[in-house]
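One-letter residues, chain by chain:
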Amino acid sequence: MTHETLLSVRELRTWYELRKWGFFRAGYVKALDGVTFDLKRGDAITIVGESGSGKTTLAKTVLGLVPPTQGEMILAGEHLDGQKRGKALAWLRGNVGFVQQDPYAALPPFMTVDRILREPLVINKVSKGDQDARIDAAMGEVRLTPQSDFLHKYPHMLSGGQQQRLVIARAIILQPQLVVADEPVSMLDASVRVEILQLLRRVQETHGLGVIYITHDLSTVRYFSEYVFVMYAGKIVEKAEVRELIHNPLHPYSQALLTAISDPDPDNADTVKEVPAGEPPSLAHPPSGCRFHPRCKHHMPGLCDREEPKSFEPTPGHFAECWLFRQGGTS
Amino acid sequence: MASPDKLLRVENLALHFRTRRGPVQAVDGVSFELKRGPATVVVGESGCGKSTLARAILRLLPRNVDAYRGHVWLNGTDVMTLSEEAFRRQVRWVRMSLVSQAAMNSLNPVIRIGDQVAEPLRVHRIATGKKEALRQAGEVFRLVGVSKDFLGRYPFELSGGMRQRAVLAMALITKPDIVFLDEPTSALDVLTQTNIMNVLKGIKHDLGVTFILITHDIATSSELANRAAVMYAGQLVELSDARLFFREPLHPYSQKLMASVPTLREDKKLEFIPGRPPSLLEPPTGCRFADRCTSRFGKCEEEPPFRDVGGDRWVKCWLHA
């Protein structure tokens, strides 16, 4: 597999404007505020964060569903910003697949499986003969087999797992280069979850896809991807390999997040876990300096509450936006 | 009369719903006993009847009930024989209360939090006067980790975690023996979830309330569990001490379910369960898991008994009969 960069994101910002009164602007919700990363072809990265951390906004921006306010996004050499957005978007839609969170809401209830899978092919002018072959292949890949049993069914006639497999089939039917999966298993039962994650992983490996997997659940990450990015309040606060992050989390927020996640262990019932109190900040008025400082136990007055931390690299390949690592040198 | 340490005893409880396609056996033949103190978690996948079980015990029934039978002994009294009015006065929210799913979104937006939390005291005439009720509400607020200043606020002024704590306070204010928690943290963020679990652990320890936690999230359930129960297709298939259960579940379904739970700290080969649970319209007459079970044999055509296999472990499987 060639290891070229598939997606490159630089200082990406997506701000939602608050209500306006005439000329008076109430401000912005800075849902995504300066995010930089690279995704190589054939790699899977996971973005973890709590609700309101901006992870879904990141997905929407990469998918072209919301325009970025600032910053650069390059997919397979194509710039996706500023001018000629319309044309770039049409190209983007054919090259990025989307796996939604709630499969039932993502599938039109009045369309059969056949229609749902054919629609993107018709829109992208795939020839009639090719259409059937592609539908057949995509369904085979997500194991909706025998295909003839499913083609005439409506989404409500499928189980949750089958619906999610159909959503995956739809996401890959245009043979995209990148798939964005936004919480693909959070609506599913535990026993089906694993099946879907393994399926996504297999699809990713066979096609050499780049995958961005967005989740709030760190425990599924190690079964899915090589890299993890931790998001907090619109920023990526830590980037590392999965194993490295799990065994050696650097940012105080990542540490708290890892403490908070339980493994099924009966000893949990007797221990009180130490996690920071409070909730993530408002993104309309984020705290000055490091956004985690009001909840951080390592908070250094005069530094953390004044200046925004840069990205430090204390160990090679492991980045943290935290002043605790300032001796490590900037990257 | 049951022995005094048996707080709750449920025998052959069944709750069936009437639908256009026939009766749905949402809960069918559930029996178990609970002691005062230890928290029990009920785990199972969606549609297994775990929420319905809580509602059946609390007699919170929808209109389309087809059959509702069995016995629920609370401190030795069969509360199923009480009239609806007597049940409301003596049992529901007095002896047993509920934090229902997404309860934090069920607060009345136009009534102050304090008044809502204090309402059970006034309805059941436990507190005399509004002032006293609010004072007690303030006390429970302290227990669940909310400042007393929040009593006068409206729900929209509180974050999700705070509202969830307020709802928990509402369930605790009448000092009930049993509190059912139906997915109390599933709509919350990971850190908030852990904070609330810490609060629950503290209350369990300090007040001696008996919690029954209903959840689909096995990893989180271990945060509170002293005993663990597994439901499948409307029936209880396993009930045992949590330590034994998390190390070595006995029922084949529990084993598969545990094998499908991803773990953060150790590598394990994840499995999934092929197939799907049976329809509860016409469930199989034998073991309901037999179709998906890898260890099935001839006997599984008949319904296995839910029996004590020793050491406070109950299993509904012919392998352990």
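K.L.:
An account of the overall build of chain B is requested, with residue identities and associated values reported.
P.N.:
Within chain B, the regular secondary structure consists of nine helices and 12 strands. What you see for chain B is a C-alpha radius of gyration of 20 Å, in line with the 20 Å of a compact globule of 321 residues. For chain B, the spread of C-alpha atoms along the principal axes amounts to about 65 × 50 × 40 Å. Counting every position in chain B, which comprises 321 residues, the buried fraction comes to 48%.

K.L.:
Give a detailed account of helix α4 (residues 129–143) of chain B, specifying residues and quantitative values.
P.N.:
Given 3.6 residues per turn, any residue in an α-helix points the same way as the ones three and four places further on. Residue and element names in this part refer to chain B. For α4, built from 15 residues, the straight-helix expectation of 21 Å at 1.5 Å per residue is met to within 8% by its first-to-last C-alpha distance of 22 Å. Among the residues of α4, Ala133, Leu134, Ala137, Val140 and Phe141 are the ones counted as buried. Summarising the axial view, the buried residues of α4 lie within an arc of 115°, below the 170-degree limit, and thus occupy one face. Across α4 from its buried face, at more than 90 degrees, point the exposed residues Gly129, Lys131 and Arg142. Summarising the contacts, the buried residues of α4 are in contact with α3 (113–123) and α5 (160–172). Phi for Gly145, located one or two positions after α4, is positive at around 80°.

K.L.:
Which residues make up the interface of chain A and chain B, and what are the values?
P.N.:
Often, the extent of an interface is quoted as the loss of accessible area on bringing the components together. Across the contact, 33 residues belong to chain A and 39 residues belong to chain B. For the side of chain A that touches chain B, the elements supplying multiple residues, two or more each, are α8 (190–207) and α10 (252–260) of chain A.

K.L.:
Please provide a residue-by-residue account of the sheet that holds strand β1 (residues 6–19) of chain B, values included.
P.N.:
Think of a sheet as strands paired side by side through backbone hydrogen bonds, with each pair either parallel or antiparallel. All names here are of chain B. In spatial order, the strands read β2-β1-β4-β5; together these four strands make up an open sheet with antiparallel pairing. Because the sheet does not close on itself, it has two edges, and the strands there are β2 (22–35) and β5 (77–78). One ladder, built from nine bridges, connects β1 with β2; its direction is antiparallel. Of the residues in β2, the one forming a bridge with Lys6 is Lys35. Of the strands in this sheet, β1, β2 and β4 (65–74) are in contact with helix α1 (residues 50–57), which crosses β2 at around 70°.

Rules of the game
Residues numbered from 1 in each chain as written. Chains lettered and ligands numbered in written order. Predicted model: local features only at pLDDT ≥ 70, side-chain atom pairs only at ≥ 80, totals over all residues. Helix = DSSP H or I, 4+ residues; strand = E, 2+ residues; numbered from the N terminus. Rg over C-alpha atoms; globule rule 2.2 N^0.38 Å. Buried ≥ 20, exposed ≤ 12 C-beta atoms within 10 Å, placed from the backbone. Expected span 1.5 Å × (residues − 1). Arc of directions from axis to C-beta. Contact = placed C-beta atoms within 7 Å. Pairing = 2+ DSSP bridges. Axes fitted to C-alpha atoms, helices over the stretch in contact; angles between N-to-C directions.

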